[in-house]
Amino acid sequence: MPLIQALYSKIHRAVVTDANLNYEGSITLGADLLKASKLAPFMKVDILNINNGARFSTYVIEGAGYEVCINGAASRLVQKGDLVIIVAYVSLPLEDLPNHKPHIVFVDHNNAPKKDISC
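It should be emphasised that the depicted structure is a prediction, and the values quoted were computed from it without experimental measurement. (Residues numbered from 1 in each chain as written. Predicted model: local features only at pLDDT ≥ 70, side-chain atom pairs only at ≥ 80, totals over all residues. Heavy atoms only, no water.)

### Observations concerning the UniProt feature "modified residue: Pyruvic acid (Ser)" (unreviewed entry) in the chain
- The UniProt record marks S26 with the feature "modified residue: Pyruvic acid (Ser)" (unreviewed entry), using the residue numbering of this structure.
- Examined against the element boundaries, S26 turns out to sit in strand 3 (residues 26–30).
- Relative accessible area serves as the criterion here: at 3%, S26 is assigned to the buried category.
- Excluding residues that lie within four positions of it along the chain, S26 makes contacts with T58, Y59, I61, C69, I70 and N71. (UniProt positions renumbered as here; feature names shortened; annotations may be inferred. Helix = DSSP H or I, 4+ residues; strand = E, 2+ residues; numbered from the N terminus. Buried < 20%, exposed > 50% of the residue type's maximum accessible area, 1.4 Å probe, protein only. Contact = heavy atoms within 4.5 Å.)

### Digging into unusual backbone geometry
- Of note, the phi angle at K38 is positive, near 65°, even though the residue is not glycine.
- When you line up the elements, K38 lands in the loop between helix 1 (31–37) and strand 4 (44–49).
- Positioned with a positive phi, F42 is a non-glycine residue whose angle comes to about 80°.

### Comments concerning the side chain of N71
- Inspection of the secondary structure assignment puts N71 in strand 6 (residues 68–71).
- For N71, a relative accessible area of 3% gives the class buried.
- Here the side chain of N71 touches T28 through a polar contact of 2.9 Å, side chain to side chain.
- When neighbours within four sequence positions are excluded, N71 is seen to be in contact with N20, Y23, G25, S26, I27, T28 and I61. (Polar contact = N/O pair within 3.5 Å; in protein donor to acceptor, adjacent residues only side chain to side chain.)

### Quick notes on the UniProt feature "active site" (unreviewed entry) in the chain
- Under the UniProt annotation, "active site" (unreviewed entry) lies at S26 and Y59. Spanning 34 residues, the named residues nonetheless gather at one spot, since no C-alpha pair among them exceeds 5.1 Å.
- Relative to the helices and strands, Y59 is located in strand 5 (residues 55–63).
- By relative accessible area, Y59 is classed as partly exposed at 29%.
- Ignoring anything within four residues of it in the chain, the contact list for Y59 reads E24, G25, S26, I27, F42, M43 and K44.

### Quick notes on the nonpolar core
- Formed by 22 residues in total, the largest nonpolar core has its most connected members in I27, L29 and I86.
- Those elements that place two or more of their residues in this core are strand 1 (3–15), strand 3, helix 1, strand 4, strand 5, strand 6, strand 7 (83–93) and strand 8 (103–107). (Core = buried A, V, L, I, M, F, W, Y, C linked by side-chain atoms within 4.5 Å.)

### Quick notes on the environment of K80
- Within the fold, K80 resides in the loop between strand 6 and strand 7.
- For K80, a relative accessible area of 65% gives the class exposed.
- Along the backbone, K80 and A31 are 49 residues apart, and their C-alpha atoms lie at a distance of 19 Å.
- K80 has contacts with V16, T17 and D18, leaving out every residue within four places of it along the chain.

### Considerations on the pairing of strand 8
- Among the 5 residues of strand 8, 4 are classified as buried, and the element is accordingly described as predominantly covered.
- As paired strands, strand 1 and strand 8 are joined by 4 bridges and run parallel to one another. What sits directly across from H12, in strand 8, is F106. (Pairing = 2+ DSSP bridges.)

Here you go:
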């Protein structure tokens, strides 16, 4: 049976807390955000910058609290204070899609989860 890509997790409208050009690359997400979104270190994520339309892929590393720091070359695509959407996908059989429940986390201006919606 062929697999399809479906939304696994989304952090909606997170605020970039830092952009660090001199790091080897990735996105640093605070441990509290990882727990709320069910993301884990080294998972691939797409970053969608609401402010400028940039879209790029990277991987997650764990940070502290509610931090959202874009590292390495990708830091050129964001500025501190930009709003971003962070998404991860999962491969699953098409017949499993009706029962699939992605994790959607809405955050406030400090990146603290407001609510977690399993669609």
